[in-house]
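Letter by letter, the chains look like this.
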Amino acid sequence: MALVRLTWLLLLLPPLLPSLRPLAIGCPAACRCYSTTVECGALRLRAIPPSIPPGTQTLFLQDNSIARLEPTALAQLTALRRLYLHNNSLRALEPGAFGAQPRLLELALNGNQLLGLSGSAFSGLGQLRVLYLAGNQLTRLLDFTFMHLPRLQELHLQENNIELLEDEALAGLSSLALLDLSRNQLGTISQEALRPLASLQVLRLTENPWRCDCALHWLGTWIKEGGQRLLSSRDKKIVCAEPPRLALQSLLDISRSSLICIPPSVHVEPLEITANLGEDLRVACQASGYPQPLVTWRKVSQTREGQQQVQAHADGKVSSLGGHGAPDTGSGMLFLANITLAHAGKYECEASNAGGAARVPFQLLVNLSQQQQRMPPAASPPAAGPVSREPLHEAGSMAFRALGLATQTAIAAGIALLALTALLLATMICRKRRKRKKAAGPPGEGVLFVNDYSDGPCTFAQLEELRDERGHEMFVIDRSKPLFADGPAAEALPDRGAAEGAAPGPPQSLCFPPPVAYEIHC
C-alpha cells in the first residue's frame, strides 16, 4: 500500500513543479515574479530594485518615479529581451546604460522627461527592434543619435518638442519601417535626413508647425511622385503654419513658385575692436532673412579639424567661446570671457538659411598695458623665502599703486606744481597788505567831505547815510577850529572824527584832487 502511494506521488510531482514559481526565491519585495517575467510597476520606486533574477527576460518598471539609471542597475540582466520604463522621471540616459543587454528587442522610454539623446546611450543594442520615445521633452535630434541601432524597425518620437532634425540624425537606420514624428515643433525637414531610411514603409509628419518655404520644395514633390504610399490619408494633410499668407493651407495645394526664401544679410558693427587683457567682450552679428538664418561665428585662423565655433541657432539661443550667450532673436552674440593673447585674430560671422549664405569678417586686437609690457617673464618661485604682504590689484583698478610708473610721476608733479602756485599767491597777498599798512599820509589828505547844505546837528546814523557808494569816509567839521592847522589843533581833528563814528581814511592808492573841506550840516 505504501509503495502504491509513493508511485502516485512520483507521478503527480512533475506537473506541479512549474507552479512552484522558481523565480520567487529571488524576487524583489512587492514585485511579482513568474516564469521569466518580473512585474514591478506602479510601486513608487525611485530606483531599479536589487535582487532581480539574472534569468529575467521581461521586466516591467512602468509608472514609478525612477529618475536615473545607475550604471550597474542592469548589469546582471544579460538575458533581458523586453524592458518597460515608461511613465517614470528619467531626464537623461547615461552613456552605455544598456550595454549589458545585447539581446534586448523592445525598449519603452515614453512618458519620461528626457531632454536630449546621445548616440552612446544606445550602444550595445544591436538587436533592438522597437524603441518608444514618445511623450518626452526632446527638442533636437543630433547627428548619429541612432547609429548603434542597425536592426531597429519602429521609432516612435511623437508628442515631443522636436524643432530640429539634423541631416545625419537618422543615419544607420537602414531597417527602419515606421517613423512617427507627429505632434512636434518641426518647421522643416531636409531630404538628406530621410535618405538613410531605405526600408521605410510608414511616415507620420502631421500636427507640426510647418514653415512652407523653398526648403520644403522637395517634400511636396516627393509626396506627389511616390512618397504618398508611406502616408495614410490623414498623414498627407501637411498644413502650413507660416508664412502668414500660406497659413492653414495644405502643402500639396501650394504651387512651387509660392515657396520662396529670402537670402540672409549680415551686419557686424564695429568691424574691428581693441580689447584689454582680462576683459569680457560681446560682439553682435545681426542677421536677417527668411527663414531665420542660422548664425555661426568662427575664428578664421583655426582651419584644422575641431576648430572652435560659436553657433546661434534659429531660435536665438547662443553658445559661445569661453562663455555663454543670451537669447537675441535675429543675431548671434560672440562672447569672449577673460580675453588673452590667444583670442586675438580674425573672426568671421556667417548667416545661412535655405536661400543661401552671407559672411562678414571681424578683427580683434588685444592691447597690453604699459605695466604688463614691462613685467619680466614669470620665473619659478624660490624654494623658501619671505612672502610679500602687499595687496594685489585687479586689472583696471584705480588704486595709486596699480597705476603705471609714468602715471604716478605725472600725478606727483601736478600736485607739487599746484602747491607751489598756492604758496606764491599767499606771499603776494601778504606783501600787498603790508604795503597798505605802511603807507600813511598827512591828516585829511585825500579825504572827501560832503555838504548837503542843510541845517542842524548830525547824528551818527545820519553820518552813516552820508557815505557814498564807494564807502568814502566822512568827517564832521568844527567851525571854531581850522581843518588843516599845524600843531595840536590839527592832531585833534582825527580824534574827534573817530569819536563821532568815522573810520580811518581810505588807502593811499586812491587818487584824489588836493584836499578840499566842506562843512556838513544835517
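Just so it is clear, the structure is predicted and the values come from calculations on it, not from any experiment.

Quick notes on the overall build of the protein
- Summing up its helical and strand segments, the protein has 7 helices and 23 strands in all.
- When burial is assessed residue by residue, the protein has 35% of its 522 residues classed as buried.

Quick word on the pattern of salt bridges
- Counted according to the given criterion, the structure contains 12 salt bridges.
- A salt bridge links R68 to E94, with the nearest nitrogen and oxygen atoms 3.4 Å apart. Placement of R68 in the loop between β3 (58-60) and β4 (82-84) and of E94 in the loop between β4 and β5 (106-108) is noted, with a sequence separation of 26 residues between them.
- Of the residues examined, R68 reaches a relative accessible area of 38% and is grouped as partly exposed.
- Given the relative accessible area of 29%, E94 is considered partly exposed.
- Across the pair E192 and R195 runs a salt bridge, and its minimum N-O distance is 4.0 Å.
- The class for E192 is partly exposed, based on a relative accessible area of 40%.
- Beyond isolated ion pairs, a larger network of salt bridges with shared partners links R298, E348, E350 and R359.

Examining the sheet that holds strand β6 (residues 130-132)
- Pairing in this open sheet of 9 strands is mixed, and the strands run β1-β2-β3-β4-β5-β6-β8-β10-β11 from one edge to the other. Here the strands that pair on one side only, and so sit at the sheet edges, are β1 (32-34) and β11 (202-204). Looking at each pair of strands side by side, their axes are set apart by 5° on average, direction ignored.
- Direction of pairing for β3 relative to β4: parallel, over a ladder of 3 bridges.

Observations concerning the pairing of strand β23 (residues 356-367)
- Both strand β15 (residues 272-276) and β23 contribute to a ladder of 5 bridges, which runs parallel. Of the residues in β23, the one forming a bridge with T274 is L365.
- Here strand β22 (residues 345-353) folds back onto β23 in antiparallel fashion, the turn holding 2 residues.

Details of the packing of aromatic side chains
- Across all of its chains, the model carries 5 aromatic pairs by this definition.
- Look at F122 and F146: their rings are 6.1 Å apart centre to centre, the planes differ by 25°, and that puts the pair in the stacked class. Taken together, the residues span a long stretch of sequence, with F122 in the loop between β5 and β6 and F146 in the loop between β7 (140-141) and β8 (154-156) at a distance of 24 residues.
- Relative accessible area serves as the criterion here: at 1%, F122 is assigned to the buried category.
- On the basis of an interplanar angle of 85° and a centroid distance of 5.9 Å, the ring pair of W297 and F362 is categorised as edge-to-face. With a gap of 65 residues between them, W297 in strand β17 (residues 294-299) and F362 in strand β23 connect regions that are remote in the sequence. Exposure class is identical for W297 and F362. Each is buried.
- Clustering of aromatic rings is evident, with ring pairs tying together W297, Y347 and F362.
- Sitting over the ring of F335, R282 keeps its end group 4.7 Å from the ring centre.

Some details on the environment of A177
- Here A177 lies in the loop between β9 (164-165) and β10 (178-180).
- Residue classification places A177 among the partly exposed residues on the basis of a relative accessible area of 21%.
- Considered as a pair, A177 and Q153 are 24 residues apart in the sequence and their alpha carbons are 5.1 Å apart.
- Leave out the neighbours within four places in its chain, and A177 touches Q153, S199, L200, Q201 and V202.

Describing the state of the cysteines
- Overall, the coordinates contain 5 disulfides when judged by the stated rule.
- Sulfur-sulfur distance for the disulfide between C214 and C261 comes to 1.8 Å. For the disulfide bridge between C214 and C261, the dihedral angle about the S-S bond is near -105°, and by the sign convention the bridge is left-handed. With C214 in the loop between β12 (210-211) and α3 (217-225) and C261 in the loop between β13 (240-242) and β14 (262-268), the pair connects residues that are 47 residues apart, well separated along the chain.

Considerations on the confidence of the model for the protein
- Looking at the protein, pLDDT values average 76 and 66% of them are 70 or higher.
- Residue range residues 1-24 is modelled with pLDDT below 50. Its contacts to residues more than four positions away, or to other chains, number 7 contacts.
- Every residue in residues 483-513 scores below 50 in pLDDT, and together they form 29 contacts with partners more than four places removed in sequence or on other chains.

Observations regarding α3
- Of the positions making up α3, those classed as buried are H217, W218, L219, G220 and I223.
- Next to the buried residues of α3 lie α2 (191-194).

Digging into the environment of T56
- With respect to the element layout, T56 can be found in the loop between β2 (37-39) and β3.
- C-alpha separation for the pair T56 and V38, spaced 18 residues apart in sequence, amounts to 6.8 Å.
- Ignoring sequence-local partners within four residues, the contact set of T56 consists of T36, V38, A79 and L80.
- There is a polar contact of 2.8 Å between the side chain of T56 and the backbone oxygen of P53.

A word on the nonpolar core
- Counting 69 residues, the largest nonpolar core has F122, F146, L155 and L179 as the members making the most contacts within it.
- Of all the secondary structure elements, the ones that give two or more residues to this core are α2 and α3.
- Contacts of L155, omitting those with residues within four sequence positions, involve L131, L133, F146, L170, L173, L176, L178, L179 and D180.
- By size, the runner-up hydrophobic cluster in this structure holds 21 residues, among which are V266, V295, C349 and A351.

Cut-offs and rules
The numbers attached to residues start from 1 for each chain and follow its sequence in the written order. Since the coordinates come from a predicted model, pLDDT governs what is reported: local features require at least 70, and pairs of side-chain atoms require 80 or more to be given and counted, while whole-chain, interface and lining totals use all residues. Note: side-chain values were computed over all heavy atoms of the structure, leaving out hydrogens and water. For helices the rule is a DSSP run of H or I covering at least 4 residues; for strands it is a run of E covering at least 2, with both sets numbered from the N terminus onward. When accessible area is computed with a 1.4 Å probe and restricted to protein chains, residues below 20% of their type maximum are described as buried, those above 50% as exposed, and intermediate ones as partly exposed. Salt bridges are defined as contacts in which a side-chain nitrogen from Lys or Arg sits within 4 Å of a carboxyl oxygen from Asp or Glu. Here a strand pair is declared whenever DSSP counts at least two bridges between the two strands. Between the N-to-C directions of two axes lies an angle of 0 to 180 degrees, each axis being a line fitted to C-alpha atoms and, for a helix, fitted only over the stretch in contact. Two rings from Phe, Tyr or Trp (for Trp, the six-membered ring) form a pair when their centres sit within 6.5 Å of each other. Planes less than 30 degrees apart are called stacked, planes more than 60 degrees apart edge-to-face, and all others tilted. A ring is scored as having a charge over it whenever the NZ atom of a lysine or the CZ atom of an arginine sits within 6 Å of its centre and within 35 degrees of its normal. We call two residues contacting when some pair of their heavy atoms lies within 4.5 Å. Cysteine sulfurs are considered disulfide-paired once they come within 2.5 Å of each other. One confidence number per residue, pLDDT, is output by the predictor and ranges from 0 to 100. Here a polar contact is recorded for every N or O atom pair within 3.5 Å, except that within protein the pair must consist of a potential hydrogen donor and a potential acceptor, and residues adjacent in sequence are included only if both atoms are side-chain atoms. Only buried Ala, Val, Leu, Ile, Met, Phe, Trp, Tyr and Cys residues count toward a nonpolar core, and they belong to the same one when joined by side-chain atoms within 4.5 Å.

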